[in-house]
Amino acid sequence: MTQIAPVSADASPGTAPALAVEHVGAVLGGRQVLHDVSFALGAGELAGLIGSNGAGKTTLLRVILGLQAQSVGVVRIGGQAPGRRASGVGYVPQKFELDPDLPVRARDLVALGIDGNRFGIPLPSRRRRELVQAMLRAVDAERFADARVGELSGGEQQRVLIAHALIQRPRVLLLDEPLASLDLRSEHEVVALLARLAREQRIAVLISAHDVNPLLPAMDRVVYLAGGRAAVGRTDEVIRAEVLSELYGHHVDVLHLHGRVIVVAGPGGEQGSDLTLAHAHGTDLEVSP
Amino acid sequence: MSSVLHAIVEPGFFGSAQVHAALAITGAAALLCGVIGVFTVVRGQSFAGHALSDINATGGSAAFLAGISPVWGYVAISVAAAGAMEAIGIDRRRGRDIATGIVLVVGFGLAALFLFWDTTLSGASNATNEVLFGSIWTLSPGTVPIVIALGAGAITLLAVIYRPLLLSSVSSELAAARGVSVRIVGALYLLALAAAVALTCVAIGAILSTGLLIGPAAGALHLSRRPWSAMASATAIALAASWLGILLAYDSYYWPPVGNGWPVSFFIVVLVFLFYAGARIRAARG
Ligand SMILES: Nc1ncnc2c1ncn2[C@@H]1O[C@H](COP(=O)(O)OP(=O)(O)OP(=O)(O)O)[C@@H](O)[C@H]1O
Ligand SMILES: [Mg+2]
């Protein structure tokens, strides 16, 4: 398995973490989707937000963005007082459809990341153009910069959306299931890109996924969601039978197979639970030749 | 040479005050439709735009009953209908289409009644034709400045909300994450759309005004990859169709039945269709 080099959130004492989530809870449709979730991420750290379908990954990301109604708790960006909505946080939403005839090129979408929230018509500016070009280069998207975004492949769209989110130089980058619907190669490329961006640009990156494996080589920390609660820590601290059994409220086994991790409901666990399906399925596909 | 010109442009075209008014009004409508139509198509709201246009028949026919200029009827009903659509919630797609459809049908029912009263009670015998298919040759002189002001106001509004509107049209989630008030931007866009359909109704009537709103924009999406050039192409198509349509309608006074011009709106929508088809063919050829 690839080396994990954890960068501690409080490596430099005195500086606030890039992202601090404190006692966050959320109720949706009368159900407690998140309960007392707390964790912190330092600049340059990359963390996985792992959980099966409906675990509350999207909800937690929306709380961090300040978009989730009916949530409690505190979210600080760079130690800043909470409540400053969406400032300093870049976001790549869970997969959405872009029509192929949408008259917006990749570079237009990236430019909207600079000032898409401002009123008035943008004046053509050289600085702006160069900034967009530099960002496209950083995510290796120059090749298709002039294509319509809706015509790009899933992996290419992810790069453009990452550039859109990063061009305003946020301290924190949130990505909601960016690896869904990518093939293995694009998956590796996107994870490697995010790890590089986190390191080079000193950004805290939080990536949601239902499978932990693609993120293993790059992940400094993991936030594992189940039953509304979160287990947080280094990968080897969290992805353990004792910790996850406690979180799920029933026995689970953590198997290591060819450098991959498989989480399955143990003998006492509910057969066919979400958990078994989500993880065993994802892994089966990749282990079999 | 001049005889060739005469064959195309019948005498008196450029000197006629009616022609000037018609060119000004369709020009304003085409410019506004070209710009806003691109957003309407991109947002997948063609049906809402269509309903908003059609329901102007209710406003126009009511204005005839009240004895005021139909322009005010169009503006009032467009803004009211846009407000209703905003209240229903434009984002819940299926619910929106159903609610829009039902409101539209009720509006048409009312229009049928009002037009019946217009022609029987108030003796406005031409009301049906004017409301449904436009009345570009018989406008009262006061209409032109109203239409121009309305068009200028709507274009200014669109220029102000341009970036947030474009971003939320691409993805409301991206826009919300960027701090855009998606709801407010959507409501302002609907207001501009209401103005656009109201003044298009003056030009070509309630039934056909969608043609100018959707057709040029849909054609432009086949020709352009960028937002600006899509709006420019849509405006160019809308303007060309409108002004050529007016020219042909003017010429048609000399066509059978001589002395009765063919309807302007007919020419305009046919030309819009031809441009649209041309754009599709061009795009298909690569
Ligand atoms: N608007 C809503 N009203 C009621 N319940 C909701 C709403 N949105 C989400 N939920 C519920 O909240 C729970 C968490 O949803 P969330 O979208 O955060 O899960 P997720 O981890 O992102 O799942 P997925 O992997 O499928 O994207 C789910 O059980 C979902 O049904
Ligand atoms: Mg989700």
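Conventions used here
- Numbering of residues starts from 1 in every chain and runs along the sequence as written.
- Here the convention is simple: chains get letters from A, ligands get numbers from 1, in the order in which they are written.
- The model is predicted, so local features are restricted to residues of pLDDT at least 70 and side-chain atom pairs to those at 80 or more, both for listing and for counting; the totals for chains, interfaces and linings are taken over all residues.
- Remark: hydrogens and water are excluded; side-chain values derive from all non-hydrogen atoms of the structure.
- Strands are labelled as partners when DSSP assigns at least two bridges between them.
- By definition, any uninterrupted DSSP run of H or I lasting at least four residues is a helix, any uninterrupted run of E lasting at least two residues is a strand, and each is numbered from the N terminus.
- In this description, a line fitted to the C-alpha atoms serves as the axis of each element, helices being fitted only across the stretch in contact, and the angle between N-to-C directions of two axes falls anywhere from 0 to 180 degrees.
- Working rule for contacts: check all heavy atoms of both residues, and any pair within 4.5 Å makes them a contact.
- Patches in this entry comprise residues that are over 30% relatively accessible and not in a salt bridge; like charges within 9 Å are linked, as are nonpolar side chains (Val, Leu, Ile, Met, Phe, Trp, Tyr) within 5 Å.
- Methods summary: accessible areas were calculated by the Shrake-Rupley approach with a probe of 1.4 Å, and residue burial reflects only the protein chains presented.
- Should a side-chain nitrogen of Lys or Arg be within 4 Å of a carboxyl oxygen of Asp or Glu, the pair is scored as a salt bridge.
- Throughout, nonpolar core names a set of buried Ala, Val, Leu, Ile, Met, Phe, Trp, Tyr and Cys residues whose side chains join them through atoms within 4.5 Å.
- Burial classes follow relative accessibility: with a 1.4 Å probe on protein chains only, a residue under 20% of its type's maximum area counts as buried, one over 50% as exposed, and anything between as partly exposed.
- Metal-coordinating donors are taken as N, O and S atoms lying within 2.8 Å of the metal, or within 3.2 Å when the metal is Na, K or Ca; because water is left out, some sites can appear incomplete.
- Here the buried area means the combined drop in accessible surface, using a 1.4 Å probe, for two parts upon being joined, counting both sides.
- Polar contacts here mean pairs of N or O atoms no more than 3.5 Å apart (in protein, one a potential hydrogen donor and the other a potential acceptor; neighbouring residues in sequence count only if both atoms are side-chain atoms).

Novice: Before we move on, could you go through the sheet that holds strand β4 (residues 71-77) of chain A and cite the residues and values that matter?
Specialist: Residue and element names in this part refer to chain A. On the basis of which strands lie adjacent, the open sheet formed by three strands has the order β2-β1-β4 and antiparallel pairing. Looking at which strands have only one partner, the edges of the open sheet turn out to be β2 (31-41) and β4. Ignoring strand direction, the axes of neighbouring strands in this sheet form an average angle of 15°. Bridging between strand β1 (residues 19-28) and β4 involves six bridges; their strand directions are antiparallel. Looking at β4, one finds that Ala26 is bridged to Ser71. The sheet contacts of helix α1 (residues 57-65) involve β1, β2 and β4, and relative to β1 the element is tilted by about 120°.

Novice: Requested: an account of a nonpolar patch on the surface, with residues and values cited.
Specialist: Together, Leu65(B), Ile98(B), Ile102(B), Val106(B), Leu110(B), Leu113(B), Phe116(B), Trp117(B) and Leu121(B) make up a nonpolar patch on the protein surface, roughly 830 Å² of accessible area in all. The dominant element in the nonpolar patch, judged by the number of residues it contributes, is helix α6 (residues 93-120) of chain B, at seven residues.

Novice: Residue-level account of the nonpolar core, with values.
Specialist: Within the largest apolar cluster, 152 residues are counted, with the highest numbers of intra-cluster contacts made by Leu109(A), Ile162(A), Leu173(A), Tyr224(A), Leu244(A) and Trp137(B). With near-sequence residues (within four places) excluded, Ile162(A) lies in contact with Val92(A), Val139(A), Leu173(A), Leu175(A), Val190(A), Leu193(A), Leu194(A) and Leu197(A).

Novice: Describe in detail the coordination of the magnesium ion (ligand 2), supporting the description with residues and values.
Specialist: Coordination sphere of the magnesium ion (ligand 2), protein contribution only: Thr58(A) (OG1) and Gln94(A) (OE1), at 1.9 to 2.3 Å. Remark: Gln94(A) occurs in the loop between β5 (89-92) and α2 (106-115) and Thr58(A) occurs in helix α1; sequence separation between them is 36 residues.

Novice: How would you summarise the interface of chain B and chain A if you had to cite specific residues and measurements?
Specialist: In this assembly, 27 residues from chain B lie in contact with 34 residues from chain A. Buried area between chain B and chain A, both sides added, is near 2,900 Å², and the carbon and sulfur share of it is 62%. Three residues, Arg163(B), Arg178(B) and Arg225(B), lead the burial of chain B against chain A; their summed loss comes to 30% of the area buried on that side. On inspection of chain B and its partner chain A, the count reaches one salt bridge. Among the ionic pairs, Arg163(B) bridges to Asp115(A), the shortest N-O distance being 2.7 Å. Joining chain B to chain A, the criterion identifies eleven residue pairs in polar contact (both at pLDDT 80 or more). When contributions to the side of chain B that touches chain A are tallied by element, the ones reaching two or more residues are α2 (17-42), α8 (143-160), α9 (162-170), α10 (172-177), α12 (209-223) and α13 (227-251) of chain B. It is α9(B) that contributes the most residues to the side of chain B that touches chain A, six residues altogether.

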